[in-house]
Amino acid sequence: MDKEPNNNPGETSVSVPDEQKQRKQRNLAIALGLGAFMLIVFLVTILRIGGAVADRPF
Amino acid sequence: MDTMRDDTPNEASYALAGPRDYFSLLKPRVMSLVIFTAFVGMVAAPGTIHPGLAAVSLLSIAVGAGASGALNMWWDADIDAVMSRTAGRPIPAGLVPKAEAAAFGGFLSALSVALLALASNYLAAGLLAFTIFFYVVIYSMWLKRLTPQNIVIGGAAGALPPVVGWAAVSGSTPLEPWILFAVIFLWTPPHFWALALFKQGDYERAGVPMLPVVEGDRATRRQIFGYSIVLAFAGMSPFVVGMAGYLYLAVSVVLGAWFVALAWKVLNTDQSDHGPAKKLFGFSILYLFAIFATILVESVTGLHG
């Protein structure tokens, strides 16, 4: 594993494989959470507006 | 650089926090009871809601409850660290930084309230916001370290989910959901004081003025017994107001009497014997679950009222 570039002087964190693995999992959880949130908002929009989505002045 | 690392021993473990540690900030076990009571409130309420919107509403209520749990862990990290029951939580265990728990909880609070407003209505969203505010500000920040009545008043936060669920479906909060509120509200003191009886040392060390610490063991046992009697009667009130049927009446009478009998045993044991208090604590969870499960069954099968 390559050492991550340290952009933050004063921070001593060195990426060891375990840390990288957990970071990857955290990122994955955030991605899934955001994806789920988008889907939910879309679903709610469709369910609340339903067929009336076309009822608007053009 | 090395000395800095020595000064911050948690830094290395922060980087090792996984999604599971953040999830446990949401107090999943408390959340499960919130989901259940809110769901019963939704099913018992008159009116209809699209199942998809109902699911999103329930999710919002669950996330809101979880968010308030994360904010509670942020505020009470110092207390949690010295109590054996809570020392393993992500912040005192050195897995999640305090500031991240605060941001996580605050973000999810806002998100859950907004999502509930989109999926149901502003009344339900407002009630959810109030629940989070009450648990975090009124209970955690203000009352918990101030008075032995902390969990009595703070219990309102835990009692609100069925009201939020009811409001999400029907858009109103008549007497019925407040009856459910009252049952949980009156259930909270005997439930937590039974726990405090056998975890008294924890609360003493942490400086939390729980009733056994401030008023002593005897007074706590008397209060538990008193509340149990009130709870047993309050437990029957859904039948009295006509929102539950005879099955519910039978369940609430039997379990209410059982609750009082266990509290009587707690009253008549001395300080050294924690057995009855532990039994009452365990039974109290079963009691609340059974009471709400019966309302659920009656609502679904049409046996109520």
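Definitions and cut-offs
Residues numbered from 1 in each chain as written. Chains lettered and ligands numbered in written order. Predicted model: local features only at pLDDT ≥ 70, side-chain atom pairs only at ≥ 80, totals over all residues. Heavy atoms only, no water. Helix = DSSP H or I, 4+ residues; strand = E, 2+ residues; numbered from the N terminus. Buried < 20%, exposed > 50% of the residue type's maximum accessible area, 1.4 Å probe, protein only. Areas by Shrake-Rupley, 256 points an atom, 1.4 Å probe, with all protein chains shown as cover. Rg over C-alpha atoms; globule rule 2.2 N^0.38 Å. Contact = heavy atoms within 4.5 Å. Lys, Arg positive; Asp, Glu negative; His and termini not counted. Charge placed at Lys NZ, Arg CZ, Asp CG, Glu CD. 1 Å grid on protein atoms, 1.4 Å probe; cavity = no way out; pocket = protein on both sides within 12 Å on 5 of 7 lines; lining within 4 Å. Points joined across faces, edges and corners; volume = space filled by probe spheres on them. Core = buried A, V, L, I, M, F, W, Y, C linked by side-chain atoms within 4.5 Å. Patch = residues over 30% accessible without salt bridge, like charges linked within 9 Å, V, L, I, M, F, W, Y side chains within 5 Å. Salt bridge = Lys/Arg side-chain N within 4 Å of Asp/Glu carboxyl O. Phe/Tyr/Trp six-rings, centres within 6.5 Å; stacked < 30°, edge-to-face > 60°. Lys NZ or Arg CZ within 6 Å of the ring centre and 35° of its normal. Domains from an automatic or database assignment. Buried area = accessible area lost by both parts, 1.4 Å probe. Polar contact = N/O pair within 3.5 Å; in protein donor to acceptor, adjacent residues only side chain to side chain. Nonpolar A, V, L, I, M, F, W, Y, C, P; charged D, E, K, R; others polar. Expected span 1.5 Å × (residues − 1). Axes fitted to C-alpha atoms, helices over the stretch in contact; angles between N-to-C directions. Parallel < 35°, antiparallel > 145°, perpendicular 65-115°, else oblique. Left-handed = near helix turned anticlockwise from the far one by under 90°. pLDDT = per-residue confidence, 0-100.

A.B. asks: Describe the overall build of chain A, with residues and values.
C.D. replies: Looking only at helices and strands, one finds one helix and zero strands in chain A. Classification of the 58 residues of chain A by burial places 12% in the buried group. Carbon and sulfur atoms form 63% of the exposed surface of chain A, whose accessible area is close to 4,800 Å².

A.B. asks: Now, about the overall build of chain B: what can you tell me, with residues and values included?
C.D. replies: Counting its regular elements, chain B contains 17 helices and zero strands. Taking 2.2 N^0.38 as the reference for a compact globule, 305 residues should give roughly 19 Å; the C-alpha atoms of chain B span a radius of gyration of 20 Å, in line with that estimate. In terms of overall dimensions, chain B has C-alpha extents of about 70 × 55 × 25 Å along its principal axes. Pairs at least 24 apart in sequence give 75% of the contacts found in chain B among residues at least 6 apart. Surface accessibility of chain B: about 12,800 Å² in total, with carbon and sulfur atoms responsible for 69%. If you average the places of the 17 positive and of the 17 negative side-chain charges in chain B, the two averages end up 7 Å apart.

A.B. asks: Any details on the layout of surface pockets? Residues and values, ideally.
C.D. replies: As a volume, the second largest pocket reaches approximately 950 Å³. In terms of lining residues, the second largest pocket is bounded by 25 residues, among which Ala 29, Ile 30 and Gly 33 of chain A together with Phe 104 and Leu 108 of chain B are the most central. Elements with a contribution of two residues or more to the lining of the second largest pocket: α1 (17-49) of chain A together with α3 (19-24), α5 (51-75) and α7 (98-119) of chain B.

A.B. asks: So what about the nonpolar core? Which residues, and what values?
C.D. replies: Residue and element names in this part refer to chain B. Ranked by internal contacts, the top residues of the largest apolar core, which has 85 residues, are Trp 193, Ile 224, Leu 280, Tyr 287 and Phe 292. Looking at this core element by element, the count peaks at 13 residues for helix α11 (residues 175-198). Leu 280 has contacts with Pro 190, Ala 194, Ile 224, Phe 259, Leu 262, Ala 263 and Val 266, leaving out every residue within four places of it along the chain. Membership of the second largest hydrophobic core comes to nine residues, among which are Leu 25, Met 73, Val 96 and Ala 101.

A.B. asks: Outline a nonpolar patch on the surface, supporting the account with residue identities and numerical values.
C.D. replies: A surface patch of nonpolar side chains, about 250 Å² in accessible area, is lined by Phe 130, Phe 133 and Val 137 of chain B. Structurally, the position occupied by Phe 130 of chain B is in helix α8 (residues 122-143).

A.B. asks: How would you explain the pattern of salt bridges if you had to name every residue and give the values?
C.D. replies: A side chain of one charge can pair with a side chain of the opposite charge when the charged atoms of the two come close. Residue and element names in this part refer to chain B. With the rule as written, the count across this model stands at six salt bridges over all chains. Its salt-bridge partner being Asp 80, residue Arg 89 comes within 3.1 Å of it at the nearest N-O pair. A single burial state applies to Arg 89 and to Asp 80, both of which are buried. Via salt bridges that share partners, Asp 76, Asp 78, Lys 144 and Arg 145 belong to a single interconnected network.

A.B. asks: Tell me about the packing of aromatic side chains, and please be specific about residues and values.
C.D. replies: Both the distance between ring centres and the angle between the ring planes are used here to describe each pair of aromatic rings. All names here are of chain B. Throughout the structure, instances matching the rule amount to 16 aromatic pairs over all chains. One aromatic cluster is present, built from ring pairs that chain together Trp 258, Phe 259, Phe 283 and Tyr 287. Over the face of the ring belonging to Phe 198 we find Lys 278, whose NZ or CZ atom lies 5.6 Å from the ring centre.

A.B. asks: Please provide a residue-by-residue account of the domain arrangement of chain B, values included.
C.D. replies: Residue and element names in this part refer to chain B. Segmentation of chain B into domains returns domain 1 (18-170) and domain 2 (174-305). Placing the centre of domain 1 and that of domain 2 at their C-alpha centroids yields a distance of 21 Å. With 29 residues of domain 1 at the interface, the matching set in domain 2 holds 34 residues. Contact between domain 1 and domain 2 buries roughly 2,800 Å² in total, counting both sides, with carbon and sulfur atoms accounting for 80%. Along the contact surface separating domain 1 from domain 2 lie zero salt bridges. Remark: the boundary between domain 1 and domain 2 carries four residue pairs in polar contact (both at pLDDT 80 or more). Here the side of domain 1 that touches domain 2 gets eight residues from one element, more than from any other, and that element is helix α9 (residues 150-159). When its residues are assigned to classes, the side of domain 1 that touches domain 2 shows 20 nonpolar, six polar and three charged.

A.B. asks: Please provide a residue-by-residue account of α7 of chain B, values included.
C.D. replies: Count 3.6 residues to each turn of an α-helix, and residues three or four apart come out pointing the same way. Between its first and last C-alpha, α7 of chain B extends 31 Å over 22 residues, near the 32 Å set by a 1.5 Å rise per residue. All buried positions along α7 of chain B are accounted for by Ala 101, Ala 102, Gly 105, Leu 108, Ser 109, Ser 112, Val 113, Leu 115, Leu 116, Ala 117 and Ala 119 of chain B. Against α1 of chain A together with α5, α8 and α10 (161-170) of chain B lie the buried residues of α7 of chain B.

A.B. asks: Account for the packing of α9 of chain B against α11 of chain B, naming residues and giving values.
C.D. replies: Residues and elements named next belong to chain B. Contact geometry of α9 with α11 gives a least axis separation of 8 Å together with a crossing angle of 130 degrees. One finds that α9 runs oblique with respect to α11. Crossing hand, α9 versus α11: right-handed. Side by side, α9 and α11 meet where Ile 151, Val 152, Ile 153, Gly 155, Ala 156, Gly 158 and Ala 159 of the first sit next to Phe 181, Ile 184, Phe 185, Thr 188, Pro 189, Phe 192 and Trp 193 of the second. Of the residues in the contact of α9 with α11, the class split is eleven nonpolar, three polar and no charged.

A.B. asks: Would you mind going over unusual backbone geometry in detail, with residue names and values included?
C.D. replies: Residues and elements named next belong to chain B. Within the chain, Lys 27 stands out as a residue other than glycine whose phi angle is a positive 50 degrees. Position of Lys 27 among the secondary structure elements: in the loop between α3 and α4 (28-44). For Lys 27, a relative accessible area of 12% gives the class buried.

A.B. asks: If you had to explain the environment of Ala 117 of chain B to someone new, which residues and values would you point to?
C.D. replies: Relative to the helices and strands, Ala 117 of chain B is located in helix α7. Sequence separation between Ala 117 of chain B and Ser 60 of chain B is 57 residues, and the spatial gap between their C-alpha atoms is 9.3 Å. Ignoring any residue separated from it by four or fewer positions in sequence, one finds Ala 117 of chain B in contact with Arg 48 of chain A together with Tyr 122 and Ala 125 of chain B.

A.B. asks: Can you lay out the confidence of the model for chain B for me, pointing to particular residues and giving the numbers?
C.D. replies: Counting all residues, the mean pLDDT for chain B is 92, and 95% of those residues have values of 70 or more. In this model residues 1-9 of chain B is a low-confidence stretch, pLDDT under 50, and it forms six contacts with partners more than four residues away in sequence or in other chains.

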